[in-house]
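Residues per chain are reported as follows:
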Amino acid sequence: MPPLYASRTTLGNDGAFGGVKVNPDMQAYKADQKSLVEGLFVTGDFATGRHCAFNGHKRQAINDLSWAVSSGFLAGNSATGYLKKV
Ligand SMILES: Cc1cc2nc3c(=O)[nH]c(=O)nc-3n(C[C@H](O)[C@H](O)[C@H](O)COP(=O)(O)OP(=O)(O)OC[C@H]3O[C@@H](n4cnc5c(N)ncnc54)[C@H](O)[C@@H]3O)c2cc1C
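All values derive from a computational prediction rather than experimental measurement.

**So, the environment of Gly 44**
Here comes step 1: By secondary structure assignment, the location of Gly 44 is in the loop between strand E2 (36–41) and strand E3 (51–54).
Here comes step 2: In this structure the C-alpha to C-alpha distance between Gly 44 and Leu 65, which are 21 residues apart in sequence, comes to 7.9 Å.
Here comes step 3: Those residues in contact with Gly 44, other than ones at most four positions away along the chain, are Arg 50, Trp 67, Ala 68 and Ser 71.

**Focus on the site of the ligand**
Here comes step 1: Taken together, Gly 44, Asp 45, Asn 63, Asp 64, Leu 65 and Ala 68 make up all the residues around the ligand.
Here comes step 2: A distance of 2.7 Å separates an oxygen atom of the ligand from a polar atom in the side chain of Asp 45.
Here comes step 3: Note that an oxygen atom of the ligand is positioned 3.3 Å from one of the backbone N or O atoms of Asp 64.
Here comes step 4: In isolation the ligand exposes 1,000 Å². Once the protein is present, 25% of that is buried.

Conventions and cut-offs
Residues numbered from 1 in each chain as written. Predicted model: local features only at pLDDT ≥ 70, side-chain atom pairs only at ≥ 80, totals over all residues. Heavy atoms only, no water. Helix = DSSP H or I, 4+ residues; strand = E, 2+ residues; numbered from the N terminus. Contact = heavy atoms within 4.5 Å. Near = heavy atom within 4 Å. Polar contact = N/O pair within 3.5 Å; in protein donor to acceptor, adjacent residues only side chain to side chain. Areas by Shrake-Rupley, 256 points an atom, 1.4 Å probe, with all protein chains shown as cover.

Shape is all these values report; function is a separate question.
See the structure below:
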């Protein structure tokens, strides 16, 4: 079934990730990006932490599902610690 065409492409965008900036305990920063929101812990696609910018392109430092599970584990521990204090 000619004619056939080919083009060279690269991945440009596969979604929207990392909306909320978090600290290593997965606690959310306020909009000022300096102070923390008390009692709010963010995980998975909504949390920053697994991407870096390299020459203008998004590069993942960790697989999405691994990040969802590991960030959830960290956030769960942090939330438990927070609830024990309040
Ligand atoms: C088509 C596709 C293919 C993918 N392939 C891969 C892959 O091969 N490898 C990989 O690592 N990643 C892959 N991903 C990405 C991966 O699935 C996501 O990064 C990961 O599932 C995000 O986990 P999460 O817990 O952050 O969010 P989600 O898995 O989206 O979980 C959020 C949950 O919250 C629930 N929810 C939403 N609002 C509310 C509410 N108000 N109250 C209660 N519950 C609510 C939703 O129903 C959902 O169950 C893929 C994603 C897509 C869409």
